[in-house]
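What follows is the residue order along each chain.
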Amino acid sequence: MFKAQRIWLGAAVAVLAAVVYGIALDRSPIYLTHDEVIYARNAYSIAATGRDLSGQFLPISIPVTGTFYATPANIYLTAAFLKVLPLSETAVRLPSVLVGLLCVWLVYLIARRLLNSERFGAAAAALLLLTPAHFIHSRLGTDHLYVVACVLAWLLLLVTDDPGTNAKRLFIATAFLGLSLYTYIGALITAPICVALTVLWLALGRSRHDWGLYVVAIAGFVVPALPFVAWHVTHPGQYANQIRMYALYDSRMLNAAEGARELIAPTSVAERAAVYWDYFNPSFLFFAGDTGLLNGTRYTGVFLLPMMVLVPAGIAALLFMKGRARILVLALFAVAPAAAVVVAERYRINRALMLLPVAAVIAAAGAQWMWQRRGRVWRWAVIVLIAAMPLQFAAFYRDYFGDYRVRSYAWFEYNMRDAMEEIIRRAGAGSPVWISQSLQWADYYWPFYLDRFGRPELSRQTHYIDAERHDLAVIGPGSLVLCRAGEERRFLDAGFTRVAAIEEPDRTHSLSVLQR
Amino acid sequence: MTRPTLLALLLLAGAVAALYSYRLSDAPVYLTPDEVVIGLDAHALASTGRDLRGRLVPLYFQIDEFRVKGTIWYQPVIMYLTAAVLQVAPLTAWAIRTPAVIVGVVNVVLMFLLARRMLRDTAAGWVAAILLALSPAHFMHSRFAMDYIYPVPFVLGWLYALSIYLDRRQPRVLAIAGLCLGFGFFSYITAIVLMPAYLIATLLVLRRDGAAGDWRYAIAGFAAPVSLFVLWIALHLGVFADTFARYELGSENRIGLLDRCGLYWRYFSPSFLFFNGGSQLVFSTRVAGVLLLASLVLLPAGIIVVLRRAASMGVLILIGLLLAPLPAIVLDEGSAINRALGLVPFGVLLSAIGFSALMTVRPSYRSVAAAVVIAASVWQFAIFQADYFGDYRRRAASWFQFNIRGGLAAIVERTAGGQRPVYLDDTIRWVDSYWKFELAAAHRLDLLALTRGYTHLDRNVPPGSLLLVNVTDPAMAAATTAALNSRDFHLVREITEPDGTVSFVVIER
């Protein structure tokens, strides 16, 4: 194929991928998760004022709620989008689509170099594009995918250099690892491991005795990491809060060294070994997927079924290959669940998203190995496996925009959007708004939708109420109330009238808007 | 084999026998119901040549004691071996557990011979033998009067004979390999599936190695003993239905295929294999894995070597490892090492392959490396053993039904040779089986006719009656206290557990 033709084909595929990934972002996932709302609010604030919601100017770490701090990358990228787009579900999620497609392109480049084949490089990209978990996370306005892009950039720079080692590229490669610290909290685990893999990479190379390269590699990581470290030095409580948030150990009772000892105690090691192993459980990877409906549909695995053949074939192929690049890829695959293992969370693919692109590269290697074997049956097997993927993906896609929305609405905090839009539509200039405290995260959703629908002034008229304890009689006429359907009886008995029953896609009445 | 090697092997066998038989009566802390039932049937067989149902020298043993859905059929090998021991030993816990010790020792010897022959490396043979001997799962299962460990010597024998055949191509050796599988068929219920699977794997290896023509010797060797099973099945057509019912294989409550995949995968979890060995305290202490930690490195190394070299024996062993958990998966049981003990010998063999391959990097370090692996294994085993004979007994007491036999022995002792009515708390599971065992051991089967069960403490029992009460049941404990306070009964003995808690009391009217 001529170069120009390739470029046009690539562009067409990119456009198609962008459409497939970016279409109807406000429709599925069905609603915004609270994480998306929290990040979006901070992004909107930074886009408007340069300050986060707590008032910090261009912060490195953004306090979110309680002991949780968000990393800045996706918030700043979202802020950049909100500079030109109005606040909406689509605008909040578009940055993730971009990052997801960036990962696909990086995988193409990596596989093309590793396998020395344009065709199988494209195959790797297609395999990632058709990975359900990658598709899902490319449509969530959260930060889990960002670290993957940084690690893929690191991998690409190393693999492209092979068999040589260029100091400048090496520095840039590990600099991406340093930058990844600003993308997702799991990078605190992933990035140092990748630095260690870089050391392994150097030790396996021709320049293994050039100590300067090791210094360059570490410097590349340290330089961008310095502001991150400086921030934590000036905010010493944040580390302990994060530890508590993920329940690694009791940071109130134990210092860092004692906590580390607890983490490597035999029972802890045994539990985490079990968690690690379960991330490669075929049932999880190819059949059932994530246990939560935020990160999976439960009707497909993390990967599509043909990967069940291609990934093991790829692992076998890489084991027989020569060269250090294959060792790096296999090692990266092996350590991909590390962040999830540290927090001992099973079957949470959002904590191990690195598995996806690396598996795509490995699967492409498997496909190439099968294609190159003697016997037509191998080639037919590759054709059937690859051809089956769009078919299964189509079924997944249909479910994703269909019944998945119905199955998952409870995971996405119910139809806050329509409920709040209803109140905003009804609320006059002086109408008090009362929101039940039983609606978790409503104190984040409400300001988001006020900004979304251009009624920020209503925040001054808003109160949050514990319907069980509050004397409802004091709520004046004209007040609007938002509560769960299950608690509306108290309000109805106190003289309120239901003005809107907010329903879910399956007609379940989940929320109520009432008025005195 | 040189004389020093033979002497060392005999020494090893002796050391393993001593280690495995140490405190056999009280570690595991008590007899399980399965052990009791096997002991009773083996005792009847040893005494009369008939099982408890009166069948003369049966092939399979019908068990009704558990009162579960369907009839249970026990395998013959353990029954006949235990009966052989009971011909010369009294009916005691250590006597009925001794056959498992013998099997364990045989396994270690066979493992040495097999690994040494297969790898042409004596150091690897010693490493394999030690890894097996000190494997927590192998150690624990060589101390039960149950048949989980019994397939292992037949599997090792099959592999040993097959390795000889692949070298020398002697058909009679292949027939012996088949014979090992055939006899192994009667060792444990999972062997009914696994031994034919191993036979099929053997045939595939023969085909791969260009010896397909000799397949009939393997099949003949296998078929000879298994033909007895075919004849027996023809006379007991209901056994499949019994077994299906017993394990609820047709039930709607069984898990789906996806969950089975997940269960299967977890049998290879490092946590299960190297750290906690499963959740059932009968078969694992939970503080040691199925295999020793040395295998954490050696086993993956062995698997990689097998995949790269694809030698027939290596591939066969890898297949054996992968097949090992299948019976447990069929029964919907996760982390049940007792149902997947094949993981142990195949895991150890792959570890030995890994060791041997790693030693090719620095051959001069072979002996040192072997010594280091063995020393590390001994050290880890010492820690495991200290817990096994110590706190594990306390943790596991409830899993072994508590100290029922202590209570029953107290009753027998109290009768002082005379005839007294005996009342046994029916809330104590399998108490009737334990009672029969106790009576048979004490030669007091005459008391059986005077024994009754009860569910509520009855003060109207005849004076002199002895009652065993389960005071872990709060209602029973309260009733007992009231009865003792009323002076209708007096306390004969409190039966305590290793942690000092009282689980049963023996009271007298």
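Residues numbered from 1 in each chain as written. Chains lettered and ligands numbered in written order. Predicted model: local features only at pLDDT ≥ 70, side-chain atom pairs only at ≥ 80, totals over all residues. Heavy atoms only, no water.

Colleague: Any chance you could explain the overall build of chain A here in plain terms?
Modeller: Within chain A, the secondary structure is distributed over 23 helices and seven strands. Counting every position in chain A, which comprises 516 residues, the buried fraction comes to 55%. Within chain A, contacts between residues separated by at least 24 positions form 72% of all contacts whose residues are at least 6 apart in sequence. One finds the centroid of the 46 positive side-chain charges in chain A at a distance of 12 Å from the centroid of its 35 negative side-chain charges. (Helix = DSSP H or I, 4+ residues; strand = E, 2+ residues; numbered from the N terminus. Buried < 20%, exposed > 50% of the residue type's maximum accessible area, 1.4 Å probe, protein only. Contact = heavy atoms within 4.5 Å. Lys, Arg positive; Asp, Glu negative; His and termini not counted. Charge placed at Lys NZ, Arg CZ, Asp CG, Glu CD.)

Colleague: What's the story with the sheet that holds strand β3 (residues 422-425) of chain B in this structure? I'm lost.
Modeller: Paired through backbone hydrogen bonds, the strands of a sheet run either parallel or antiparallel to each other. Residues and elements named next belong to chain B. Taken together, the five strands give an open sheet; going across it, the order is β4-β3-β5-β7-β6, and neighbouring strands pair in mixed fashion. Lying at the two open borders of the sheet, with one neighbouring strand each, are β4 (451-454) and β6 (490-496). With strand direction ignored, the average angle separating the axes of adjacent strands in the sheet is 20°. (Pairing = 2+ DSSP bridges. Axes fitted to C-alpha atoms, helices over the stretch in contact; angles between N-to-C directions.)

Colleague: Could you clarify how one ought to interpret the domain arrangement of chain A in this entry?
Modeller: A common way to express how large an interface is: the accessible area buried when the components associate. Residues and elements named next belong to chain A. Partitioning chain A into structural domains gives domain 1 (2-406) and domain 2 (416-515). Taking the mean C-alpha position of each, domain 1 and domain 2 sit 39 Å from one another. On the domain 2 side, the residues contacting the 19 residues of domain 1 number 14 residues. Interface of domain 1 and domain 2: buried area, both sides summed, is about 1600 Å²; carbon and sulfur atoms make up 61% of it. When the buried area of domain 1 at its contact with domain 2 is split by residue, Tyr31, Arg41 and Leu87 rank highest and sum to 33% of it. Here domain 1 and domain 2 share two salt bridges between them. A salt bridge links Glu89 to Arg417; its shortest N-O distance comes to 3.5 Å. Elements with a minimum of two residues in the side of domain 1 that touches domain 2: α2 (34-49), β1 (62-65), α4 (89-115) and α20 (403-408). Broken down by element, the residue count for the side of domain 1 that touches domain 2 peaks at six residues, all from α2. Looking at the side of domain 1 that touches domain 2 residue by residue, the classes come out as eleven nonpolar, four polar and four charged. (Domains from an automatic or database assignment. Buried area = accessible area lost by both parts, 1.4 Å probe. Salt bridge = Lys/Arg side-chain N within 4 Å of Asp/Glu carboxyl O. Nonpolar A, V, L, I, M, F, W, Y, C, P; charged D, E, K, R; others polar.)

Colleague: Is there a simple way to think about the nonpolar core in this case?
Modeller: As a rule of thumb, nonpolar side chains are buried together in soluble globular proteins. With 289 residues, the main nonpolar core has A:Trp154, B:Trp158, B:Leu159, B:Leu343 and B:Phe355 as its most contacted residues. The element that contributes the greatest number of residues to this core is helix α4 (residues 93-119) of chain B, accounting for 15 residues. What A:Trp154 contacts, discounting residues up to four positions off in sequence, is A:Ala173, A:Thr174, A:Phe176, A:Leu177, A:Cys194, A:Leu197, A:Thr198, A:Leu328 and A:Leu332. (Core = buried A, V, L, I, M, F, W, Y, C linked by side-chain atoms within 4.5 Å.)

Colleague: What am I meant to see in the sheet that holds strand β7 (residues 509-515) of chain A here?
Modeller: Residues and elements named next belong to chain A. One open sheet accounts for five strands, arranged β4-β3-β5-β7-β6; its pairing is mixed. Two strands bound the open sheet, and with one partner strand each, they are β4 (462-465) and β6 (497-503). Across the sheet, the axes of successive neighbouring strands diverge by a mean angle of 20°, strand direction being ignored. Bridge count for β6 against β7 is six bridges, and the pairing is antiparallel. Opposite Glu503, over in β7, you have His509 as the bridge partner. In the packing of helix α22 (residues 442-452) onto the sheet, contacts are made with β3 (433-436) and β4, and the angle to β4 comes to roughly 160°.

Colleague: When you look at the state of the cysteines in this model, what are you seeing that I'm missing?
Modeller: Put plainly, a disulfide is one covalent bond tying together the sulfur atoms of two cysteines. Residue and element names in this part refer to chain A. The full count for this structure, using the stated rule, is zero disulfides over all chains. Cysteine Cys150 is unpaired, with the sulfur of Cys103 as its nearest cysteine sulfur at 9.0 Å. Overall, the relative accessible area of 12% leaves Cys150 in the buried class. (Disulfide = S-S within 2.5 Å.)

Colleague: Where do I start with the interface of chain A and chain B in this structure?
Modeller: Counting from both sides, the interface comprises 15 residues of chain A and, opposite them, 13 residues of chain B. Taken together, both faces of the contact between chain A and chain B bury some 1300 Å²; the carbon and sulfur share is 70%. Ranking the residues of chain A by area buried against chain B places A:Trp277, A:Leu319 and A:Phe320 at the top, with a combined share of 39%. Applying the counting criterion to the chain A and chain B interface returns six residue pairs in polar contact (both at pLDDT 80 or more). Going through the elements one at a time, α13 (266-278), α14 (282-288) and α15 (307-320) of chain A are the ones with two or more residues in the side of chain A that touches chain B. For the side of chain A that touches chain B, the element with the highest residue contribution is α13(A), accounting for seven residues. Taken together, the residues that form the side of chain A that touches chain B break down as eleven nonpolar, two polar and two charged. (Polar contact = N/O pair within 3.5 Å; in protein donor to acceptor, adjacent residues only side chain to side chain.)

Colleague: Can you help me understand unusual backbone geometry in this one?
Modeller: Looking along the chain, the bond that leaves A:Ser28 and enters A:Pro29 is cis, with omega of 5°. Mapped onto the elements of the fold, A:Pro29 is located in the loop between α1 (3-22) and α2. In this model, B:Ala27 is joined to B:Pro28 through a cis peptide bond whose omega is 10°. Within the secondary structure layout, B:Pro28 lies in the loop between α1 (3-21) and α2 (33-48). With a phi angle near 55°, A:Asn116 is a residue other than glycine that sits in the positive phi range. Unlike most non-glycine residues, A:Trp441 shows phi in positive territory, near 75°. One can find A:Trp441 in the loop between β3 and α22.

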